[in-house]
Amino acid sequence: MSSYLIRGVRVVGAEPTDLLVRDGLVVEAGRGLAATGAEVLEADGLVALPGLVDLHTHLREPGREDAETVETGSRAAALGGYTAVCAMANTSPVADTAGVVEQVWRLGREAGLVDVQPIGAVTVGLAGERLAELGAMATSAANVRIFSDDGHCVADPRLMRRALEYVKAFDGVIAQHAEEPRLTQGAQMHEGEVSTRLGLTGWPAVAEEAIIARDVLLAEHVGSRLHICHVSTAGSVEVLRHAKERGVRVTAEVTPHHLLLTDERAATYDPVFKVNPPLRTADDVAALRAALADGIIDIVATDHAPHAVEDKECEWGYARPGMVGLETALSVVLDVLGERWDLIADRMSRTPARIAGLTEHGHAPAPGAPATFTLVDPKARRTVDPMDSASRSRNNPYAGLVLPGRIVATFLRGVPTVLDGKAVR
Ligand SMILES: NC(=O)N[C@@H](CC(=O)O)C(=O)O
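Definitions and limits used
- Residues numbered from 1 in each chain as written.
- Predicted model: local features only at pLDDT ≥ 70, side-chain atom pairs only at ≥ 80, totals over all residues.
- Heavy atoms only, no water.
- Pairing = 2+ DSSP bridges.
- Helix = DSSP H or I, 4+ residues; strand = E, 2+ residues; numbered from the N terminus.
- Axes fitted to C-alpha atoms, helices over the stretch in contact; angles between N-to-C directions.
- Contact = heavy atoms within 4.5 Å.
- Expected span 1.5 Å × (residues − 1).
- Polar contact = N/O pair within 3.5 Å; in protein donor to acceptor, adjacent residues only side chain to side chain.
- Parallel < 35°, antiparallel > 145°, perpendicular 65-115°, else oblique.
- Left-handed = near helix turned anticlockwise from the far one by under 90°.
- UniProt positions renumbered as here; feature names shortened; annotations may be inferred.
- 1 Å grid on protein atoms, 1.4 Å probe; cavity = no way out; pocket = protein on both sides within 12 Å on 5 of 7 lines; lining within 4 Å.
- Buried < 20%, exposed > 50% of the residue type's maximum accessible area, 1.4 Å probe, protein only.
- Right-handed = clockwise from strand over helix to strand, strands pointing away.

**Let's talk about the sheet that holds strand β7 (residues 82-87)**
The sheet built from three strands is open, its strands ordered β6-β7-β8 with parallel pairing. Two strands bound the open sheet, and with one partner strand each, they are β6 (52-57) and β8 (115-118). Each strand of the sheet is rotated relative to its neighbour by a mean of 20°, with strand direction disregarded. By the bridge criterion, four bridges tie β7 to β8 in an arrangement that is parallel. Considered in β8, the bridge of V85 is made with V116. Its contacts with the sheet place helix α2 (residues 98-111) against β7 and β8, and it is angled at close to 175° to β8.

**Focus on helix α4 (residues 157-168)**
The end-to-end C-alpha distance of α4 is 17 Å, a good match for the 16 Å that twelve residues give at a rise of 1.5 Å each. Residues of α4 that are buried sit in contact with α3 (134-139), β9 (146-148), β10 (173-176), α6 (205-222) and β13 (225-228). Of the residues flanking the start of α4, the one acting as N-cap is D156, its side-chain oxygen 2.8 Å from the backbone nitrogen of R158.

**Considerations on the packing of α4 against α6**
In a pair of packed helices, the angle between the axes and the distance between the axes together describe the arrangement. Their axes nearest at 10 Å, the elements α4 and α6 cross at an angle of 40°. The pairing of α4 with α6 is recorded here as oblique in orientation. Along this stretch, α4 crosses α6, giving a crossing that reads as right-handed. Contacts from P157, M160, R161, L164, E165 and K168 in α4 reach R214, D215, L218, A219, H221 and V222 in α6.

**Structural notes on the UniProt feature "binding site: Zn(2+) 1" (unreviewed entry) in the protein chain**
As recorded in UniProt, the feature "binding site: Zn(2+) 1" (unreviewed entry) lies at H56, H58, D150 and D303. These annotated residues cover 248 residues of sequence, but their C-alpha atoms sit close together, with the largest distance between any two at 9.7 Å. From the set just named, the residues that line the largest pocket comprise H58, D150 and D303. In this structure, H56 sits in strand β6. When neighbours within four sequence positions are excluded, H56 is seen to be in contact with C86, M88, D150, C229, H230, E253, A301, T302, D303 and H304. Within the local environment of H56, its side chain forms a polar contact with the side chain of H58, the two groups lying 3.3 Å apart. Relative to the assigned elements, H58 resides in the loop between β6 and α1 (70-79). Using a relative accessible area of 4% as the deciding quantity, one classes H58 as buried. Contacts of H58, omitting those with residues within four sequence positions, involve E68, M88, N90, D150, D303, H304, A305 and P306. Here N90 takes part through its side chain, which lies 2.8 Å from a polar atom of the side chain of H58.

**Observations concerning the pairing of β13**
Consecutive residues of a regular strand have side chains that alternate between opposite faces of the sheet. Residue alternation in β13 divides its side chains into two sets, R225 and H227 and L226 and I228, and both sets are buried. The pairing of β10 with β13 spans four bridges and is parallel. Note on β13: the bridge partner recorded for A175 is H227. With three bridges connecting them, β13 and strand β14 (residues 250-254) associate as parallel partners. Looking at β14, one finds that I228 is bridged to A252. You can see the chain leave β13, run along helix α7 (residues 234-245) and come back into β14, and the turn it takes is right-handed.

Right, here's the structure in full:
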């Protein structure tokens, strides 16, 4: 294994330093380290963050390898500064058995670009009728700790209660896609002024807020861990604030797109802006940004949702919801929060690693820590080009936008997955 000397990098909260990486670890930090036998990386002006951790990625394998594979999604993740991603269960077949989660986990290991941690389905086939084999997935080689029917809400409160009770035994988490299905039938976008103007059926904020309110009460009753996927409304933030004040064991994520884009984009009728939950209003965006900064929302998760051209480039009503996000997440967050590096490290690495139980991730590069980090050039600006991507899909809502920040290098346990802004493999 090669060793690396990274010279003059800014580690969050400290003066620029050199880092010596050997045998998978950061072995030394300080100015003027000797480079005997090590490859030298000049990192003047670069910032070192702990490798980013995505709690919500759709890798599409097995089943839709035309849209993404574990390998292509892993490469996109590494290029985005990620060292671990949690793969959502809405594949085909659904990841609702030990066999499928082990397959995804094995494919992740073979690709070797990021740690791929499979998420298991809560219910068989995501059908919301009976619990999947949660225990078998937890004790499988994939060691599943997060369960989610994402794409679908676990709408039946009795089933939700049972799931929360079941995972309590091994400190697992249920990650809920909060959408009361009876309130979103036929929905195409956020219900509000813009949907009225465009004549599209609305997805009201209350459909999300009602499920979050119900589930934080269930989690409190059971004493279990609940995670809320892609929070999108100001009202949801208020429900979460109340729950956290009561000590409920709830965590929540927000996506980069919900931090930047609003429902006004739907006026283009370009289905690249169709997503679940939908883009909301400017007031929601402001509330989400504030909640992320004050910790009511714990983390940023991408909800990277690649789709094949035929599923996206069609009439709005027929298009699948979802947008890609792994390669732009850090830039969007930098744009939204500014250079608040400690906050960014916490919301995009430390806390998601803790929620997922990924103990090797989320550590700032320091002597003795795993050499699992990413180097960012904060001064670089780039124009987003959907064609310039390692993902198999092109449904990128930021096309043409100029965003700050560029990932220069990513290291996973001492091995570079990205160097000079390019994937190593
Ligand atoms: N977030 C999305 O808009 N899409 C997700 C699933 C879903 O939540 O509908 C997908 O898997 O494509």
